Structures are given as structure tokens and as C-alpha cells.
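# Chains, contacts and geometry: an overview
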Amino acid sequence: MTTDSVTFFQSHTECVRDVRTHCLASFVLHVWDTTLTFGDEVEHIWPVPWKSPTKLMYLFLRHISLIIHGVYAFSISHLTSGYASASACSLSVILGVVTIQVLHTCVEYLLAKRAYALFNKSRYVAILLGLLIAAEVVNMCISISDVTSGVSFETVCVIFPAPKKTTTFGIIVPITQTILVGSIVFKSVLARCSGWGRTPLVSLLIREGLVTYLLMTILFGFAVIWCLREDERAVSLVFWSMSIMSTCGCRLITNTEKLGRNQGRHTSLLLTTQIEVFESPIS
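Residues numbered from 1 in each chain as written. Predicted model: local features only at pLDDT ≥ 70, side-chain atom pairs only at ≥ 80, totals over all residues. Heavy atoms only, no water.

The helix and strand inventory of the chain stands at 12 helices and zero strands. Each helix and strand of the chain, ordered N terminal to C terminal, gives the series α-α-α-α-α-α-α-α-α-α-α-α. By the burial criterion, 49% of the 283 residues in the chain qualify as buried. Across the chain, every contact between residues at least 6 apart in sequence was considered, and the portion connecting residues at least 24 apart equals 83%. Of the roughly 13500 Å² that the chain leaves accessible, carbon and sulfur atoms contribute 68%. (Helix = DSSP H or I, 4+ residues; strand = E, 2+ residues; numbered from the N terminus. Buried < 20%, exposed > 50% of the residue type's maximum accessible area, 1.4 Å probe, protein only. Contact = heavy atoms within 4.5 Å. Areas by Shrake-Rupley, 256 points an atom, 1.4 Å probe, with all protein chains shown as cover.)

Structural data, given as C-alpha cells:
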């Protein structure tokens, strides 16, 4: 805590109020969606063995992220008071960025897994998608380095604009999302043309792929706008991203598991029997 820090927050009361409101509102959304889908979680996720990567991923997407979000919700008043230490401020920023990247990577992995299955487990598709996701992780490391080296945490704590060059590094995000969802939708459209148009799984892939893409695009759009405007409320995007990506990832898992159980088959078998048998010119 410094005198400059207290003075800074006292002169940015509107910004502080907005950040606190965004943090609490996004946390309420996170809790509400967790409550809303708890029944599906008990029915379709709890029976899955603990050694399953899907179950572990779901636990992080739903519960670990909720705990982290809750920590922010209960500590945001202190972080935006001017009395938080520089180490606490820098740690909170790093934790937020890392959490968002892990959530984002989980969602992209789920989409990549679908695209991989749709393209008959093509090795080239797996390599391409793996490289794109790895590039995003590298981008995250660069972003954290830029933020931590260029911000005076002892004064502004979490109220600071994101660096403009973050938008340049972040261009890999919409590229990856477009390739992932585009490949899923493209193959699904081919499925419809091949006579699988009424298959529940095909409809699910198209619907969830497009909804996830739309939400991710909106988040990226806000990030670009706030970076270009040098808006000091940029940290609010971290809070909303936690809620939205948790919701997207968990529904990608539960809806597929639900459909697989309704069809009387495991998810991987469902993908194999209804998708990978397609005959396609690009397979």
C-alpha cells in the first residue's frame, strides 16, 4: 500500500464501482449456471470413472474455476481499495490470466476432439490443431510477461488498461476458433448431405459449435475494444470469461455424455458410429 495507490483509487471511483459490479455479476452467473446444470452433472458426470480425463476436465471447468471466481468475488473490494500489496495484486492478475487460458484451452481441446473425430482421426488435423492451441499457450506466456513488467502494481493493482500489442498477439485466438468450429460445421454439413441430417449428434455438433464460436468471438471483440480504448476496466473481461467459458465447456461435455447415454453408447463409440463412417472427398 502506498499513498499514491489510495489516491489513485479515490480518484477512480466510477471505474472501481464498475469492476466490482462486473466481478460480482459474473460470479452470480457462474453460480446460477452451476446450480442449473447440477442435475445433469450428477446423472452424467458423477458415474464417469475418476481416471477419465473428461471428468477431471469437467471438475476444473465447473468447480475449480468457480472456487477461483469466488476468491475474486470476495477479495475484489480489497484489491480495488488501494490497500492491497503489490505482490497480492500481481498474483491476482497472473492467476486470472492463467485460469482464463486453461479454461480456454479446455474448451478448444473439446472442440478439437470433435473435429479430430469428424476428420476420421487424421494425423494432419491433429498436428494442425495442436500447433494452434500450443501457439495460444505461448501467447499467454508472452502476455503475462508484458503485463507484469509494465504495470506498477503497488499503485494501480488490478485497475489498468491491457497493452495494445496484446491484440496483435491475440489474433491467434479467433484464427484457432474459426478453424476449429469451421471444420466441425463443414464436416457436419457434409453429414447432412450424406443423409445424416436427422442424426441428433450432428445437430448437436453444429448447434454447440456455433454457439461456442459466437460467445468466444464476442469476448474477443470486447477484449480488442477495451485494449484499443485503453480502458482500465479490462480486468472485468477476466471475470466474465471465467463464467462464459466454464458454461461452454461444461455443456460441451454434459450434452455429449447425455446424448451418448440416451443412445445407449459411450461417447467415443457414438462419435465413431455416427461420424467417422462418413465418406468425404477430403477425408
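This part covers the packing of aromatic side chains. Evaluated as defined, the whole model comprises three aromatic pairs. Both rings, one in Phe-38 and one in Trp-46, keep their centres 5.7 Å apart while their planes meet at 85°; by these two values the pair is edge-to-face. According to the relative accessible area criterion, Trp-46 is partly exposed, its value standing at 47%. Relative to Trp-226, the ring of Phe-222 lies with its centre 6.2 Å away and its plane at 55°, an arrangement referred to as tilted. Placement of the pair is Phe-222 and Trp-226 together in helix H10 (residues 200-229), with a separation of four residues, close to one helical turn. Trp-226 sits in the buried class, given a relative accessible area of 14%. Over the ring of Tyr-124 we find Arg-123, and its NZ or CZ is 5.4 Å from the ring centre. (Phe/Tyr/Trp six-rings, centres within 6.5 Å; stacked < 30°, edge-to-face > 60°. Lys NZ or Arg CZ within 6 Å of the ring centre and 35° of its normal.)

The end-to-end C-alpha distance of helix H2 (residues 13-36), which contains 24 residues, comes to 34 Å, matching closely the 34 Å that a straight helix rising 1.5 Å per residue would cover. Those residues of H2 that sit buried are Cys-15, Val-16, Asp-18, Val-19, Cys-23, Ser-26, Phe-27, His-30, Asp-33 and Thr-34. (Expected span 1.5 Å × (residues − 1).)

On to the confidence of the model for the chain, then. When pLDDT is averaged along the chain, the result is 80, and 80% of the positions lie at 70 or above. Across residues 266-283, confidence stays below pLDDT 50; counting only partners more than four residues off in sequence or on other chains, it has 40 contacts. (pLDDT = per-residue confidence, 0-100.)

Further remarks concern the pattern of salt bridges. If the charged atoms of two oppositely charged side chains come close together, the side chains can form a pair. For the coordinates displayed, the defined rule picks out six salt bridges. The shortest N-O distance in the salt bridge between Asp-33 and Arg-62 comes to 2.7 Å. Highlighted residues: Asp-33 in helix H2 and Arg-62 in helix H4 (residues 53-79), separated in sequence by 29 residues. The pair formed by Asp-33 and Arg-62 is uniform in burial state, with each residue classed as buried. The closest approach of N and O atoms between Arg-233 and Asp-231, which form a salt bridge, is 3.3 Å. In the salt-bridge network here, residues are joined through shared partners; they are Arg-17, Asp-18, Asp-231 and Arg-233. (Salt bridge = Lys/Arg side-chain N within 4 Å of Asp/Glu carboxyl O.)

Time to look at the packing of H4 against helix H5 (residues 86-118). Where H4 meets H5, the axes come as close as 11 Å, and the angle between the chain directions of the two elements is 155°. In terms of orientation, H4 lies roughly antiparallel with respect to H5. The crossing of H4 and H5 is left-handed. Looking at the contact of H4 with H5, its residues break down into 15 nonpolar, five polar and one charged. (Axes fitted to C-alpha atoms, helices over the stretch in contact; angles between N-to-C directions. Parallel < 35°, antiparallel > 145°, perpendicular 65-115°, else oblique. Left-handed = near helix turned anticlockwise from the far one by under 90°. Nonpolar A, V, L, I, M, F, W, Y, C, P; charged D, E, K, R; others polar.)

So, on to the side chain of Gln-101. Structurally, Gln-101 can be placed in helix H5. For Gln-101, a relative accessible area of 11% puts it in the buried group. Setting aside residues up to four positions removed in sequence, Gln-101 forms contacts with Glu-136, Val-137 and Met-140.

Feature annotation in UniProt places "transmembrane region" (unreviewed entry) on residues 59-79, 91-112, 124-145, 169-190, 210-228 and 234-253, given in this structure's numbering. Along residues 59-79, the helical share is 100% and the strand share 0%, with 27 Å between the first and last C-alpha atoms. Helix makes up 100% of residues 91-112 and strand 0%. Its end C-alpha atoms lie 31 Å apart. (UniProt positions renumbered as here; feature names shortened; annotations may be inferred.)

By the element assignment, Thr-37 lies in the loop between H2 and helix H3 (38-45). By relative accessible area, Thr-37 is classed as buried at 5%. Sequence-distant contacts of Thr-37, that is, excluding residues within four places in its chain, are made with Tyr-58, Arg-62 and Arg-251.

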